[in-house]
Amino acid sequence: MREDKQLLVITHLSQLLDLITGIGGFIVPLVLWLTQRDKVAGMDLHGKAIMNFQISLFIYSILCIPLIIFLGLGIILLIIIGIIALVFPILNAIKASNGEMPYYPLSIEIIK
């Protein structure tokens, strides 16, 4: 296995493609994780954290829809989810470049 901090950083930052394409922030990190997890040290851990985070954000966004209809609270929660989806990939890219472990809040551990 080789150490490639740059690829780990790119994997975290590729989540921001969601802001441009809508789904690219899920597909690109998934492809990088699946193709590089046995070749790059730490990729399996970082990839799982990213996938769990992306799936969790999707679940939380879906749960906000009824809250918009019934309470109007869902709009505020969607804004908070959007901020979290913007900030934490950047913070974890910085952590990856420093050799630290990723941390995504409110992440449901689906992939172990």
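Everything below is about the structure printed above this text.
Treat the numbers as computed from the prediction; the structure is a model and nothing was measured.

1. Concerning the overall build of the protein
Inference 1: Of regular secondary structure, the protein possesses 5 helices and 0 strands.
Inference 2: When the helices and strands of the protein are read in sequence order from the N terminus, they spell out α-α-α-α-α.
Inference 3: A globule of 112 residues ought to have a C-alpha radius of gyration of about 13 Å, and the protein, at 15 Å, matches this closely.
Inference 4: By principal-axis analysis of the C-alpha atoms, the protein measures approximately 50 × 25 × 20 Å.

2. Examining helix H3 (residues 24-36)
Inference 1: The end-to-end C-alpha distance of H3, which contains 13 residues, comes to 18 Å, matching closely the 18 Å that a straight helix rising 1.5 Å per residue would cover.
Inference 2: What H3 keeps buried is the set Gly24, Gly25, Pro29, Leu32, Trp33 and Gln36. Along the axis of H3, the buried positions cluster into a sector of 150 degrees, meaning they face one direction only.
Inference 3: Elements in contact with the buried residues of H3: helix H1 (5-13), helix H2 (18-21) and helix H4 (43-70).

3. Topic: the packing of aromatic side chains
Inference 1: Under the criterion given, the structure shown has 1 aromatic pair.
Inference 2: With 4.3 Å between their ring centres and 25 degrees between their planes, Phe53 and Tyr104 make a pair best called stacked. Of this pair, Phe53 sits in helix H4 while Tyr104 sits in the segment after helix H5 (73-97), and the two are 51 residues apart along the sequence. Neither Phe53 nor Tyr104 differs from the other in exposure class; each is buried.
Inference 3: Looking at Arg37, its charged tip hangs above the ring of Trp33, at a distance of 5.2 Å from the centre.

4. Remarks on the environment of Tyr104
Inference 1: Accessibility expressed as a relative area gives 6% for Tyr104, which makes it buried.
Inference 2: Put simply, Tyr104 and Ile62 are 42 residues apart on the chain and 19 Å apart in space, counted from C-alpha to C-alpha.
Inference 3: The residues touching Tyr104, leaving out its near neighbours within four places in the chain, are His12, Gln15, Ala49, Ile50, Phe53, Phe88, Pro89 and Asn92.
Inference 4: Side-chain polar atoms of Tyr104 contact the side chain of His12, separated by 2.6 Å.
Inference 5: Here the side chain of Tyr104 touches Gln15 through a polar contact of 2.8 Å, side chain to side chain.

5. Remarks on the nonpolar core
Inference 1: Core analysis: the largest hydrophobic core is formed by 18 residues, its most contacted members being Leu7, Met43, Phe53, Leu57 and Tyr104.
Inference 2: The set of elements that each furnish at least two residues to this core consists of H1, H3, H4 and H5.
Inference 3: A per-element tally of this core places H4 first, with 7 residues.
Inference 4: For Leu7, the residues in contact, after removing those within four places along its chain, are Leu32, Gln36, Val40 and Met43.

6. Let's talk about the pattern of salt bridges
Inference 1: Taken as a whole, this structure holds 3 salt bridges when the rule is applied.
Inference 2: For Arg2, the salt bridge identified is with Asp4, shortest N-O distance 3.4 Å.
Inference 3: Overall, the relative accessible area of 41% leaves Arg2 in the partly exposed class.
Inference 4: With a closest N to O distance of 3.2 Å, Lys48 and Asp44 form a salt bridge. Highlighted residues: Lys48 and Asp44, both in helix H4, separated by 4 residues, approximately one helical turn.

Analysis parameters
Residues numbered from 1 in each chain as written. Predicted model: local features only at pLDDT ≥ 70, side-chain atom pairs only at ≥ 80, totals over all residues. Heavy atoms only, no water. Helix = DSSP H or I, 4+ residues; strand = E, 2+ residues; numbered from the N terminus. Rg over C-alpha atoms; globule rule 2.2 N^0.38 Å. Expected span 1.5 Å × (residues − 1). Buried < 20%, exposed > 50% of the residue type's maximum accessible area, 1.4 Å probe, protein only. Arc of directions from axis to C-beta. Contact = heavy atoms within 4.5 Å. Phe/Tyr/Trp six-rings, centres within 6.5 Å; stacked < 30°, edge-to-face > 60°. Lys NZ or Arg CZ within 6 Å of the ring centre and 35° of its normal. Polar contact = N/O pair within 3.5 Å; in protein donor to acceptor, adjacent residues only side chain to side chain. Core = buried A, V, L, I, M, F, W, Y, C linked by side-chain atoms within 4.5 Å. Salt bridge = Lys/Arg side-chain N within 4 Å of Asp/Glu carboxyl O.

Bear in mind that shape data such as this cannot, by itself, settle questions of function.
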